[in-house]
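Observations on the three-dimensional arrangement
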Amino acid sequence: MTQHCDVLIKQVKLASMQANGKPYGLIENASVAIKDGKIVGIFTENQRLPTADHNVDGQDQWLLPGFIDCHTHLVYGGSRASEFEQRLLGVSYTDIAKQGGGIRSTVKATRAASQEQLLQSAIARAKRLAAEGVTCIEIKSGYGLDLDTEIKMLKVAKELEQHLDLSVITTYLGAHALPPEFNGKADDYIDFVCNEVMPQIAQQGLASAVDVFCEGIGFSPEQCEKVFVAAQRHGLKIKAHVEQLSDLKGALLAAEFNALSVDHIEYLAEQDVASLKASGTVAVLLPGAFYYLHETKKPPIVALRQHDIPMAVATDLNPGTSPIASILTAMNMASVLFALTPEEALRGATCHAAKALGLQTHKGQIQVGFDADLCLWDIQHPVELVCGINQHRPLKKWYAGRLSTL
C-alpha cells in the first residue's frame, strides 16, 4: 500500500472511464494518490489515506482523465478563411482547388513558413485545446509533401511539449495529397513517400505512425497498401483516413494491417464493421469535418455499437475542413450530429482516444498505474461537459502529476 505520495486529491467523484460496470466508470467519495507522475492509489470511504506533500480538497467535484485529441492537423502555415467565404457564396471545393486553394494552398504556405513561425501558430492553437482540459494531442504532418517540410512540421509538433503541459503523438501523413511537382505521377510520389521520406522520419524518430488519405481525391487502396507495407518495414504503426467521401474499402485494408484506427468512416459499409473488431481497430469520428462540409451521410453508429467497436472523438483541427480548436465542441457535435450518448462522447475523448493512439495501457482512464493527467471540474454531472458549448473549463489540471497553469 502507498504510504506517502506527492499529491493527494481528496473527496472527489471520479468519472474514471474504467470499464467497471458503472456509467462513466463512476467511483464516488474517492481520493486519488499521485507519485512520480503516476496514479498510485484510488481510495474510497473508510480507507486509510496516505500522507502527501500536497493535499487538495476536491470539495466533492468531478475528477476526469485529461482529454486526448487523437486526430489533428494542428501544425500548418497560412489561412484558408477566404475559402470558407467562397464556399458560402457558392464556389465549389473543386473550383477553389483549381484556383490554387484547398490543401495545396496550405502546402505552399507551410513550405514558405519558418520553423519558428509554425511553432508560434501551433502553440496558439494547442493552448486553446489545453485550456479545455486536453493533455495529449496527436498531430499529423501532410502539409509539406516534401522531405524538408514534413520533417520541419514533425519537429515543430514535438517541440510543443517544451512549451505546454501536454504530450504530443506525431504521425507521418505523407500520402495526404499529391504535391504540384508530382502532378500526374501519383505512383512516383508514393514511391518517394515510402523510399525517401519515411526512412528518414523513422531513423530520426519523428513519428510513431503513418497515415494515408484513401479516397478518390486522395490515393487508391493499392497505393495506400504500399505505404502500409513500408510502415511495417520501418516499425511504424498504421492509421488511415478512409470512407470519408466514398466506400473504397480502405477500412478493410487498414484492418488487414491491424491499424490503430480508421478515421472519418462516414461511408463505411455496415457489413465491414466486423473486420474492425477482429483487428482491434478504433473508429475515430470527426464531426467537425462533417459539419463544415455540409455532409449528410453519417458513420454507421448502430453497427459500431452492435460490434462493440471503440468510438473515439477528435477535433480534426485543420485550416480548411475543420478549423475547430475545441474538444468539448467536438464532443457536443458527436452527440448532436451522430447521436452518441454523452458517455460515449466522453469515452471517445478519453479511453477510446487513448486506444486510437496505442496508449490504452497508461492514458485515458483514472486507474492505478496510469499517467496522472487529470482535470477537476465544477459540474453537477459529466453530461454537462457534452451538453453545453463554451460553458466549462477545468478548475484544476494536472499533467504527469504536476499542477498545470490554466
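Remember, predicted model here, so these are calculated numbers, not experimental data. (Residues numbered from 1 in each chain as written. Predicted model: local features only at pLDDT ≥ 70, side-chain atom pairs only at ≥ 80, totals over all residues. Heavy atoms only, no water.)

**Considering the overall build of the protein**
Across its full length, the protein holds 15 helices and 16 strands. At 21 Å, the protein has a C-alpha radius of gyration in line with the 22 Å of a compact globule built from 406 residues. Principal axes of the C-alpha set define a box for the protein whose edges measure 70 × 45 × 45 Å. Looking at the protein as a whole, 58% of its 406 residues are labelled buried. Contacts in the protein between residues at least 24 apart in sequence constitute 71% of all its contacts with a sequence separation of at least 6. In the form shown here, the protein has an accessible surface area of approximately 16200 Å², with 49% of it arising from carbon and sulfur atoms. Where the 36 positive side-chain charges of the protein centre and where its 45 negative ones centre are 3 Å apart. (Helix = DSSP H or I, 4+ residues; strand = E, 2+ residues; numbered from the N terminus. Rg over C-alpha atoms; globule rule 2.2 N^0.38 Å. Buried < 20%, exposed > 50% of the residue type's maximum accessible area, 1.4 Å probe, protein only. Contact = heavy atoms within 4.5 Å. Areas by Shrake-Rupley, 256 points an atom, 1.4 Å probe, with all protein chains shown as cover. Lys, Arg positive; Asp, Glu negative; His and termini not counted. Charge placed at Lys NZ, Arg CZ, Asp CG, Glu CD.)

**Quick word on empty space enclosed by the protein**
This structure, assessed with the given rule, holds 1 cavity of 30 Å³ or more. Considered as a void within the structure, the largest cavity measures approximately 60 Å³ in volume. Grouping the constituent residues of the lining of the largest cavity by class yields 2 nonpolar, 5 polar and 3 charged. (1 Å grid on protein atoms, 1.4 Å probe; cavity = no way out; pocket = protein on both sides within 12 Å on 5 of 7 lines; lining within 4 Å. Points joined across faces, edges and corners; volume = space filled by probe spheres on them. Nonpolar A, V, L, I, M, F, W, Y, C, P; charged D, E, K, R; others polar.)

**Here's the deal with the sheet that holds strand β12 (residues 282-285)**
Spatially, 8 strands are ordered β6-β7-β8-β9-β10-β11-β12-β13 in an open sheet, and the strand pairing comes out parallel. Both outer strands of the open sheet, β6 (67-69) and β13 (311-313), are each paired with one neighbouring strand and no more. Neighbouring strand axes in the sheet, compared pairwise and without regard to direction, differ in orientation by 25° on average. Packed onto the sheet, helix α5 (residues 147-159) meets β7 (134-140) and β8 (167-175) and runs at close to 165° relative to β8. Along the sheet, helix α12 (residues 327-338) contacts β6, β7, β12 and β13; its crossing angle with β6, the most-contacted strand, is approximately 80°. (Pairing = 2+ DSSP bridges. Axes fitted to C-alpha atoms, helices over the stretch in contact; angles between N-to-C directions.)

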